[in-house]
Amino acid sequence: MAVTLVTSLASSSSRFPFRSFSSSSPSSLSSCVVRFQLPSRLRLAFAVTPLYSSSRAMAHTIAQATLGLTHANSVDHPKISFSGKEMDVTEWKGDILAVGVTEKDMTKDANSKFENPILKKLDAHLGGLLADVSSEEDFSGKPGQSTVLRLPGLGSKRVGLIGLGKSASSPSAFQSLGEAVAAAAKASQASSVAVVLASSETVSNESKLSSASAIASGTVLGLFEDCRYKSESKKPSLTGFGTGPELEKKLKYAEDVSYGVIFGKELVNSPANVLTPAVLAEEASKLASMYSDVMTANILNEEQCKELKMGSYLAVAAASANPPHFIHLVYKPSSGPVKTKLAIVGKGLTFDSGGYNIKTGPGCLIELMKFDMGGSAAVLGAAKAIGQIKPPGVEVHFIVAACENMISGTGMRPGDIITASNRKTIEVNNTDAEGRLTLADALVYACNQGVDKVVDLATLTGACIIALGTSMAAIYTSSDELAKEVIAASERSGEKLWRMPMEESYWEMMKSGVADMVNTGGRAGGSITAALFLKQFVDEKVEWMHIDMAGPVWNEKKKTATGFGVATLVEWVQNNSSS
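On a predicted model such as this, the values are computed, not experimentally measured, just so you know. (Residues numbered from 1 in each chain as written. Predicted model: local features only at pLDDT ≥ 70, side-chain atom pairs only at ≥ 80, totals over all residues. Heavy atoms only, no water.)

**As for the overall build of the chain**
Okay, so step 1: A tally of regular secondary structure across the chain gives 15 helices and 24 strands.
Okay, so step 2: Considering the chain as a whole, with its 579 residues, one finds that 59% of them fall into the buried category.
Okay, so step 3: For the chain, the share of sequence-separated contacts (at least 6 apart) that also reach a separation of at least 24 residues comes to 81%.
Okay, so step 4: Accessible surface for the chain amounts to roughly 22800 Å². Of this, 51% is attributable to carbon and sulfur atoms. (Helix = DSSP H or I, 4+ residues; strand = E, 2+ residues; numbered from the N terminus. Buried < 20%, exposed > 50% of the residue type's maximum accessible area, 1.4 Å probe, protein only. Contact = heavy atoms within 4.5 Å. Areas by Shrake-Rupley, 256 points an atom, 1.4 Å probe, with all protein chains shown as cover.)

In C-alpha cells form, the structure reads like this:
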C-alpha cells in the first residue's frame, strides 16, 4: 500500500507573537479507513482546507518590553486541516510528490530498474528518469538523504526521494520524513505536496495511525520558523495530512500536540527582556481564558507566596526587579467523573545569571539562560494541547514558580539558610543551584493539591548534559510503574528519555552542618544529587518523577528551542485519561 499525503498551503496574518489554533470539523471518510487497515494498494490523498477563520483565531500577546525597546514582529501563522481520498500517485497533480524510501526500496534489477512496485510504476511514468537520477546522485535511501527532480509539463512539478534508512519503524523516523517534506516545501515555495510511503507493508497495521501522525507532526514542526524577533520576517507555510475518521482523529491529536510544541518553542525563544515572570504568568492566564470550559488559572503574587511560606522560591526571586509570579493552571473535564489527578511542575527561571555565584567562563551558557524556563514552557505547551484535546477522566495541575535569578543587595547570598514551605531548611552553598530551590516549594504545593502523580521538568544541571549529551533527558523516580508510563509515552512521542539511578548513598554529599541540607553536593553525580534534593519536598504517598532536560531543550545547530517535553507530557496525560 502506498500512502499519499496531499496538502495545500495557506497562511493567516496576526499582530501577535504567540498564537493558538482552533479547528474546523473534519469530514467523515470511513471507507478509506477500512482500506487503510488492509494490505491493499490504496493511495491516500490529503487536501488541506483552512483550519480556522480569522474571526475564530485566538492569540497570545506579549506585554510591552521596556528593556531594549524590543517588540515581537507580526507573524503569519498557517492554516491547516485534514481530509482524504484514494488516488493513483502517477495521476496526482500538484507541486511536489515526495516518496519516502528505505534502502531496500532502492534495490534495482540487472537492468537498473526498480524492484519496488511503487517506484517501478513511478519511474516508468517518468521515462526512467527517477532511476537515472538516483544512480547519478548515489541516492541509496540512507537517513538524511534526499533528492528532488523538477519535472515541467507533468502532473507533479517536482518528484522527490527521501531516505528513511534500513527501515521506517519508529516515530522519530516518520517525524524526520515529515521534516524533510517541510524542508522541500519551503525550498520550492510549494502550495501542494503529496507524500508516498513506497513500502507501507513494513509498517504494521497497529502502527499505521501513529506513523501517519508522526509524519504530520514532523511536517507541522518542520515548517515552523520563529521570525518574531528578526527585522525581516518570512511568511511560513504549513502542510497537513489525513484520511478517514480514525486517522483524522489521530492527526488532529498530532496537530494539537504540534501547536503545543510550537507554543513551547516560542516561549523559550523569547528573550528575557521580553518574557518576564509577569508575561509568562499572563500567557498562562490567557490559556485559561482560551479554554475556559475546562481550565482555570490562579496566579499567586509575592505576598500570597509569603503567606504559603515559600521561602525557598522567594529567596531566588529576591534580587530581581521583576517580581515572582507563581502559576497554577487546573484542567478539569467539563463532564464525567475524574479517576486520576496529575500534576506537572516546570522550572520557570526566565533568566538565570547564577546570582552571586555568577556564570562565568567558557561553557557557562549565560547568553542562553533565557532557556532556563524550558521546563515551564513544556508545562504550558502541554496545557495548551490538553485544553484543545480535552481528555476525559483526568484532572491536571500545571504549576510553575516563575522568577529570575539576579544579583543585587537584596539577593540571596552563599551561606544563607532559607526555609521551604514544608519547613525544611536549606543552606545555600551555591546560588547558581537555584532551580531546585524554586521547584522545592512548587513540589510541596503540587502535593498539597491531592494529586496521585507528579512529574517535574527542569533544565536543572550541566552534569546531565555531560552524562547524556543534548539529545536525551534524564529521568529519576523510585516508582517503576511511573517510569514505565512516562517512558512508554516518550517512545510514542519520539522524545528520548534515559532512566538514571536514585542512589540514596549520595545523599551524604547533601548534608549540612547547620541546616537540614545544602542545595548542591558538588560536581560528582550532580544530576543525581539534584534529584535527591527534590525528593525531600515530595509527599511519600505521591508517585513522583523528575526529568532533567538541560540537554535537549535547545538545538545549538539551529540556534532555536526544541519544544522538548510537550509531546511526552500530553501522551502521558492522555494515557491516564478515560479515552
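**Re the environment of Glu367**
Okay, so step 1: Along the chain, the position of Glu367 falls in the loop between strand S14 (340-352) and helix H10 (374-389).
Okay, so step 2: With 16 residues separating them in the primary sequence, Glu367 and Phe351 have C-alpha atoms 9.6 Å apart.

**Quick notes on the UniProt feature "domain: Cytosol aminopeptidase" (unreviewed entry) in the chain**
Okay, so step 1: The positions UniProt marks with the feature "domain: Cytosol aminopeptidase" (unreviewed entry) are residues 430-437.
Okay, so step 2: The annotated region residues 430-437 carries 38% helix and 0% strand content, and the separation between its end C-alpha atoms amounts to 11 Å. (UniProt positions renumbered as here; feature names shortened; annotations may be inferred.)

**Overview of the sheet that holds strand S17 (residues 425-427)**
Okay, so step 1: Strand order in this open sheet of three strands is S16-S17-S21, and the pairing throughout is mixed. For this open sheet the edge positions go to strand S16 (417-419) and strand S21 (517-518), each flanked by a neighbour on one side alone.
Okay, so step 2: Inspection of the sheet shows S16 paired to S17 by three bridges, in the antiparallel sense. Within the sheet, the bridge partner assigned to Thr419 lies in S17 and is Thr425. (Pairing = 2+ DSSP bridges.)

**A closer look at the environment of Ile386**
Okay, so step 1: For Ile386, the position within the fold is in helix H10.
Okay, so step 2: Ile386 sits in the buried class, given a relative accessible area of 0%.
Okay, so step 3: For Ile386 and Met295, which are 91 residues apart along the polypeptide, the C-alpha to C-alpha distance reads 9.6 Å.

**Quick notes on helix H15 (residues 566-575)**
Okay, so step 1: Where burial is concerned, most of H15 is hidden: nine out of the ten residues are buried.
Okay, so step 2: Every buried residue belonging to H15 is among Val566, Ala567, Thr568, Leu569, Val570, Glu571, Trp572, Val573 and Gln574, and all of these are buried.

**A few points about the nonpolar core**
Okay, so step 1: Residues Met295, Leu329 and Phe398 are the most contacted members of the largest nonpolar core, which totals 68 residues.
Okay, so step 2: For Met295, the residues in contact, after removing those within four places along its chain, are Leu287, Ala288, Leu329, Val330, Tyr331, Ala383, Gly387 and Phe398.
Okay, so step 3: Listed in part, the 52 residues of the second largest apolar core include Tyr313, Ala401, Tyr445 and Phe537. (Core = buried A, V, L, I, M, F, W, Y, C linked by side-chain atoms within 4.5 Å.)

**Looking at the packing of helix H13 (residues 480-493) against H15**
Okay, so step 1: Between H13 and H15, whose axes approach to 8 Å, the crossing angle comes to 120°. Compared by their axis directions, H13 and H15 come out oblique. Handedness of the crossing formed by H13 with H15: right-handed. The segment H13 lies against H15, with Leu482, Glu485, Val486, Ala489, Ser490, Arg492 and Ser493 engaging Ala567, Thr568, Glu571, Trp572 and Asn575.
Okay, so step 2: For the contact of H13 with H15, the per-class residue count stands at five nonpolar, four polar and three charged. (Axes fitted to C-alpha atoms, helices over the stretch in contact; angles between N-to-C directions. Parallel < 35°, antiparallel > 145°, perpendicular 65-115°, else oblique. Left-handed = near helix turned anticlockwise from the far one by under 90°. Nonpolar A, V, L, I, M, F, W, Y, C, P; charged D, E, K, R; others polar.)

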